[in-house]
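An overview of the molecular structure
Okay, here's what each chain looks like letter by letter:
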Amino acid sequence: NPSNVIPANQVPGQPYAPTATSGSLVGSIHISWLHPVVPHHSTPCSGTEDGPAPCPTPYGSSLSAANGGSAIQEYEVEVNQEEGFHHGSIRKTTSQLSTTVDGLIPGRIYLVRVLGRNKEGSGAYSPTVFAMATEQ
């Protein structure tokens, strides 16, 4: 039966190439990233580990396999001063590929990571990046 060969949808892969910089307002950080390039299982569809190429669109879908076969509904950005992200995280959701987090302590270094979420659930966090909240 052909319906048995269509893979089930999965959570999205990690957002790709996150960057974080001091924002335009005092106490802010601007974060941006790209759509996932590698599926949730962390094996690139093509290219190399250090330079993965985008995944193809599976048969019967219009979305990249790196999205999990389901549209990414939102991204969640997590910002924290602690490496383990255990206490005091600030979380912000957006449907865009960038956002600004404000209300941070000016001059402090923050750790930032991003995950994607589709109808199947939340994917893994991106690699952590660092930025200093804008000073006066």
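The paragraphs below set out a description of the structure included in this document. Throughout this description, residue numbers start from 1 for each chain and increase along the sequence as written. This being a predicted model, a pLDDT of at least 70 is required before a residue's local features are given, and a value of 80 or more before pairs of side-chain atoms are given or counted; all residues contribute to the totals for chains, interfaces and linings. Values reported for side chains reflect all heavy atoms of the structure, with hydrogen atoms and water molecules removed beforehand.

Focus: a nonpolar patch on the surface
Patch membership requires more than 30% relative accessible area and the absence of a salt bridge. Residues of like charge join within 9 Å; the nonpolar side chains Val, Leu, Ile, Met, Phe, Trp and Tyr join within 5 Å. The method behind every accessible area is Shrake-Rupley, applied with a 1.4 Å probe, and residues are considered shielded solely by the protein chains displayed. Whenever Lys or Arg places a side-chain nitrogen within 4 Å of a carboxyl oxygen from Asp or Glu, that contact is recorded as a salt bridge. A grouping of I109, F130 and M132 is seen on the molecular surface, where their side chains present a nonpolar patch of about 280 Å² in accessible area. Position of M132 relative to the elements: it lies in strand β10 (residues 129-132). Secondary structure counts use DSSP, requiring at least four H or I residues in a row for a helix and at least two E residues in a row for a strand, with both numbered from the N terminus.

Details of the packing of aromatic side chains
Within 6.5 Å between ring centres, the rings of Phe, Tyr and Trp (the latter by its six-membered ring) count as paired, and their orientation is classed by plane angle as stacked under 30 degrees, edge-to-face over 60, tilted in between. Tallied over the entire structure, the rule returns one aromatic pair. Criterion for a charge above a ring: Lys NZ or Arg CZ within 6 Å of the ring centre, and within 35 degrees of the ring normal. The ring of F85 carries the charged tip of R113 above its face, separated from the ring centre by 3.9 Å. Over the face of the ring belonging to Y125 we find R113, whose NZ or CZ atom lies 3.8 Å from the ring centre.

Description of the side chain of S28
Of note, S28 is situated in the loop between β1 (16-22) and β2 (29-34). Each residue touching S28, except ones within four places of it in the same chain, is listed here: S22, G23, T100, V101, D102, L104, M132, A133 and T134. Contacts between residues were defined by any pair of non-hydrogen atoms, one from each residue, lying within 4.5 Å.

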